[in-house]
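Here's the letter readout for the chains.
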Amino acid sequence: MKKLMILGGSRYAVPVIEVAHKLGLYVITCDYLPDNIAHKFSDEYCNVSIIDKEATYEAAKRLKIDGIVSFACDPGVATAAYIAEKMGLPFQCSYRAAEILQDKGLFRQFLTENGFNCPHAKRYEDKKSPFNDIDYFNWPVIVKPTDSAGSKGVTRVDRVEDLADAINVALGGAHNGAFIIEDFLTFEGYHSSTDPFTVDGQLKFATYSDQLFDPEADNPYTPAYIIWPSTMKQEHQDYLTSEIQRLMTLLNMKTGIYNIETCVANGKPYIMEVSPRGGGCKIAELQRMAYGVDLIEAEVKKAVGMPIDEIKQTECDGCWCEMVVHARPGKSGILRSVTVDSDIKEKYLKVVDLSAKPGDFVQPFTGANMSLGDMFFRFDDRTELETVMSKSNEWLHIELDEK
């Protein structure tokens, strides 16, 4: 029986485990948090810090794994690439390419050097150095860790006087002690976050979404809704698809899933982030329902060297919205219930996956890790979607015993 190692144990790993078991694989989940939910579903748990690539590599050798993924788990991606390279296992890219993609500072530098649209950006480890570069940036700026996901540690800064506090916030969310400062881009339309797939380095499946934020949330840069298909102009989608393919070729990418974030600003499309892993927020699961393409199964098969089914571009069936369920602004307390009015539930709601349960302590929505779970909705068209979702405060009920 082939063995698949999954780095990370969050709920986003559970669908990967289910697919692996369906394919007859033995699943080992791996991190330093034994109480994480995914470990309850795997065949074996390995307690090791996944950011320690050498320790994780030793565990992978000892367990004689046949494949490795870090699905929806940003801290483990570079480690997974390192282990795959050392053990000759399938992976999307080389370890060096993963290092570039996983470090926002290195990635911005790579984009700039290769002629991609890229905001002014600099990577720092010293807190004081940015104050020598004040005139380099077009203010306002965004300050964020170079190696975190889920909008953790991200702050918009409008005044130099607030920069030091934002740097401390970013470093608090960093694993490698580095942060990046870049121009704040005002999106035309919406930011996009989706999960494309390459086969032998060729982009075979790509979508674009509209990623909406809750401006009243405790962190207004954490995605609250993701909608397919995107309203982005087709010419911008075509340009981004071409540029993503160019990036894949430059980095000598292979076969696998990615989480890719893009936007349009100042009349120009930008590739903001590319990570060789499935995205959080259950993006691949929604795309499977909306587009009929099972990228989770393809990724698992690829990881252990099984032949994958043909991956091809399809059209979206209707309009889909993923709601990242979260507490109302400024609210925290003990969760009593999360309910949806019956008429909405029966007509539009397709999937409910709540990570929080009654009795859990609910915290303000400062990052994706503070969500209460996800809901998928399907609509016949965008007008219907916007009409219903704009009234979510009326039909979604989150009851808390506030502290």
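Residues numbered from 1 in each chain as written. Predicted model: local features only at pLDDT ≥ 70, side-chain atom pairs only at ≥ 80, totals over all residues. Heavy atoms only, no water.

1. A short note on the sheet that holds strand β13 (residues 223–228)
Strand pairs in the sheet, formed through backbone hydrogen bonds, run parallel or antiparallel to each other. Strand order in the open sheet formed by five strands is β12-β13-β17-β21-β19, with antiparallel pairing between adjacent strands. Edge positions in the sheet fall to β12 (210–213) and β19 (349–354), since each of these pairs with one other strand and no more. Put simply, the sheet's adjacent strands are angled 15° from each other on average, direction ignored. Of the strand pairs in this sheet, β19 and strand β21 (residues 373–379) are connected by five bridges, and their pairing is antiparallel. By the bridge assignment, V351 is partnered in β21 with F376. Helix-sheet contacts for helix α8 (residues 283–291) involve β13, β17 (319–325), β19 and β21, and the interaxial angle to β17 is about 155°. (Pairing = 2+ DSSP bridges. Helix = DSSP H or I, 4+ residues; strand = E, 2+ residues; numbered from the N terminus. Axes fitted to C-alpha atoms, helices over the stretch in contact; angles between N-to-C directions. Contact = heavy atoms within 4.5 Å.)

2. A look at the nonpolar core
M5, I65, I68 and V274 are the most contacted members of the largest nonpolar core, which has 47 residues in total. When sequence neighbours within four positions are dropped, the list of residues in contact with I68 reads L4, M5, L7, A80, I83, A84, L89, F91 and A303. Of all hydrophobic cores here, the second largest spans 40 residues; its members include Y12, I17, A38 and A72. (Core = buried A, V, L, I, M, F, W, Y, C linked by side-chain atoms within 4.5 Å. Buried < 20%, exposed > 50% of the residue type's maximum accessible area, 1.4 Å probe, protein only.)

3. A short note on the pattern of salt bridges
Side-chain pairing between opposite charges can occur once the charged atoms of the two side chains come close. The tally for this structure, following the rule as stated, stands at 28 salt bridges. As a salt-bridge pair, E399 and R336 come within 3.8 Å of each other at their nearest N and O atoms. Separated by 63 residues along the polypeptide, E399 in strand β22 (residues 396–402) and R336 in strand β18 (residues 333–340) bring together distant segments of the chain. Exposure remark for E399: the relative accessible area of 32% places this residue in the partly exposed category. For R336, a relative accessible area of 46% translates into the label partly exposed. Across the salt bridge formed by R336 and D401, the nearest N and O atoms sit 2.9 Å from each other. Of this pair, R336 sits in strand β18 while D401 sits in strand β22, placing them 65 residues apart in sequence. (Salt bridge = Lys/Arg side-chain N within 4 Å of Asp/Glu carboxyl O.)

Keep in mind these numbers describe shape, not what the thing actually does.
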